[in-house]
Amino acid sequence: MGGEVVRGVEWEGLRKHFGEVEGRTLRELFAEDPGRVARMGVQAGDLFLDYSKHRVTDETVGLLVALAEKAGLRDAVERMFSGEHINVSEDRAVLHTALRLPADASLHVDGQDVVADVHEVLDKMGAFAEKIRSKEWRGATGEPIATVVNIGIGGSDLGPAMAYEALLDYADAGITARFVSNIDPADLDGKLRGLDPATTLFVVSSKTFTTIETLTNARVARSWLVDALGEDAVGKHFAAVSTNAEKVAEFGIDTANMFGFWDWVGGRYSYDGAIGLSLMVAIGPARFREMLDGFHTIDEHFRTTPFEKNMPVLMGMLGIWYTDFFGAQTRAVLPYAQRLHRFPAYLQQLTMESNGKSVKADGSPVEVDTGEIFWGEPGTNGQHAFYQLLHQGTRLVPADFIGFAEPFADQAGMHDILTANLLAQTSALAFGKTAAEIAAEGTPPEIVPHKVMPGNRPTSTILAPKLTPRVLGELVALYEHVVFVEGVIWGIDSFDQWGVELGKKMALGLEPALTSEEPPGDFADASTESLVRRYRALRGRRV
Ligand SMILES: O=P(O)(O)OC[C@H]1O[C@H](O)[C@H](O)[C@@H](O)[C@@H]1O
């Protein structure tokens, strides 16, 4: 499966074809075939993708689709959706798609009625969120909750934080959310500033409930609350989201206020379940469910649409095309929506923790580059910062531009100016400006080379009607499945993350060396030892 197609017949066919396409420009491709625009557009739910500004022909698309077929992508999709243990290194099912199945759907996995479990938790979250939003839930002093502080990190932070920011215009109950993640004390300190313990609810979010950052922040937050309101206040001011009820109880949070999920939901795939609790409190259960419908729409599209019109398949295969044939290292994601300012950061975990692997699912080494480096900033800000490199630098940076037709609120035509910028950038990136065109404007000859815009820089444009809860769900599901497609082609396990473990363990081992009164002991390496001594000296400790 999967990785076996790398360097196979279809792969080599693509390599040969790449030799023919590499030297062609988008100007030529468009001049020869203006009809490509009509053919290279696909709709999935509310999302429209224009991929005509990619360095591909119909033949390229045909070959990429054939590679996906040969890799067994169809089967792999079914295996994921039906709950097979495709996360082989952890022997787990991968069922984030079950988090958004409608209540009348049916899915039994490992003897468990997954749909019933999911909806039981959603209903419990909904009831809790409504109590807080309606002010029926009162804090220890009888006041309603004004602020929800989510304490979590990685998948237990990035998803709800990104989505809360994205959907801020839908937070209609006067309840704001804050997100604390970093073990740097500055994070919690900054986020607690200005808050009244009497009106603050903490949601401690951790799949494992063993993550040191989260538990430490939660402990400090607990003291902050208890110092102000006493020990008895904890029950009214702390909730937990976890798969680990035992640890939640051990920490001292009433499991009646705990919202569960399952080992078949990866941390980075979890905010559409209980990890989204703080988001649900802010926007309400109905809008949260609209968001889930959006996710589900794309799940169905991915599962049932022929590959030639399948948005995640096309985007994933384009990722393979640029990574493994053009040798691109990164993919920029450029949302023309300020509300999506955390979307690139969210995608970094989703994509890079999933596909940053150098062995295949069977443990053998991969033979080609895997894992695109995702990065980005909202437009138009990025235009005034790093787009220079995108336009005239030596590196090829394929980019996804994301835009919306309707703003939540507009002023002075600002939204149209925003969209005009998105369109101008993708056009300039694709078609550039030649030396002759620049010279014809009267530019002095010695300046002409500086002004040449090489063009031929590929982009996707994703356009949606409006950034609603539904559309956000669609966008996130789209990228989840893009990750899946790429992982299948590379033959890797996109659902484990062993690479983060070693550093965590070493930090636990190093901490005593920083704080001990004894001279630092033996170290594995001289550089680390010298830095430990320097740090201790700077902190006035014995070296
Ligand atoms: O939710 P938790 O168990 O606290 O885990 C939080 C995060 O920490 C880990 O280091 C993983 O790399 C992430 O995938 C995970 O989302």
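Treat the numbers as computed from the prediction; the structure is a model and nothing was measured.

Here we have six strands laid out as an open sheet, ordered 1-2-13-12-10-11, and mixed in their pairing. At either end of the open sheet lies a strand with only one pairing partner, and these are strand 1 (41–44) and strand 11 (373–375). Neighbour-to-neighbour, the strand axes of the sheet open up by a mean angle of 20°, direction not taken into account. Judged from the three bridges that link them, strand 10 (residues 330–335) and strand 11 form a sheet pairing that is parallel. Bridging from a neighbouring strand, arginine 331 pairs with phenylalanine 374 of strand 11. Against the sheet, helix 17 (residues 414–431) makes contact with strand 12 (399–406) and strand 13 (459–466), and its axis sits at roughly 150° relative to strand 12, the strand it touches most.

Before going further, it helps to examine the pairing of strand 1. Of the pairings in the sheet, the one linking strand 1 to strand 2 (residues 47–50) comprises four bridges and is antiparallel in character. Bridge pairing in strand 2 links alanine 44 to leucine 47. The antiparallel hairpin formed by strand 1 and strand 2 contains two residues in its connecting segment, where glycine 45 sits at a positive phi of about 60°.

Turning to empty space enclosed by the protein, a few remarks are in order. Scanning the entire structure with this criterion turns up five cavities of 30 Å³ or more. By volume, the largest cavity amounts to about 70 Å³. Along the walls of the largest cavity sit His54, Met315, Leu318, Gly319, Tyr322, Arg331, Glu372, Pro398, Ala399, Asp400 and Ser460, which together make up its complete lining. Of all the secondary structure elements, the ones that give two or more residues to the lining of the largest cavity are helix 14 (311–326) and strand 12.

It is worth spelling out the UniProt feature "active site" (unreviewed entry) in the protein chain at this point. The feature "active site" (unreviewed entry), as given by UniProt, occupies Glu353, His384 and Lys504 in the numbering adopted here. Separation in sequence by 152 residues is matched in space for these annotated residues, since their most distant C-alpha atoms are 37.0 Å apart. Narrowing the list just given to those that line the largest pocket leaves Glu353 and Lys504. Following the sequence through the fold, glutamate 353 ends up in helix 15 (residues 343–355). Here the side chain of glutamate 353 touches arginine 268 through a polar contact of 2.9 Å, side chain to side chain.

This part is about the site of the ligand. Close to the ligand lie 13 residues; Ser156, Ser206, Thr208, Thr211 and Glu353 are nearest. In the model, an oxygen atom of the ligand is placed 2.5 Å from a nitrogen or oxygen of the threonine 211 side chain. For the ligand, an oxygen atom lies 3.3 Å from a polar atom in the side chain of glutamine 349. Coverage of the ligand by the protein chains reaches 88% of its 390 Å² of free accessible surface. The cavity where the ligand resides is the largest pocket. Residue composition of the shell around the ligand, by class: two nonpolar, eight polar and three charged.

Definitions and limits used
- Residues numbered from 1 in each chain as written.
- Predicted model: local features only at pLDDT ≥ 70, side-chain atom pairs only at ≥ 80, totals over all residues.
- Heavy atoms only, no water.
- Pairing = 2+ DSSP bridges.
- Helix = DSSP H or I, 4+ residues; strand = E, 2+ residues; numbered from the N terminus.
- Axes fitted to C-alpha atoms, helices over the stretch in contact; angles between N-to-C directions.
- Contact = heavy atoms within 4.5 Å.
- 1 Å grid on protein atoms, 1.4 Å probe; cavity = no way out; pocket = protein on both sides within 12 Å on 5 of 7 lines; lining within 4 Å.
- Points joined across faces, edges and corners; volume = space filled by probe spheres on them.
- UniProt positions renumbered as here; feature names shortened; annotations may be inferred.
- Polar contact = N/O pair within 3.5 Å; in protein donor to acceptor, adjacent residues only side chain to side chain.
- Near = heavy atom within 4 Å.
- Areas by Shrake-Rupley, 256 points an atom, 1.4 Å probe, with all protein chains shown as cover.
- Sits in = over half its atoms within 2 Å of the grid points.
- Nonpolar A, V, L, I, M, F, W, Y, C, P; charged D, E, K, R; others polar.

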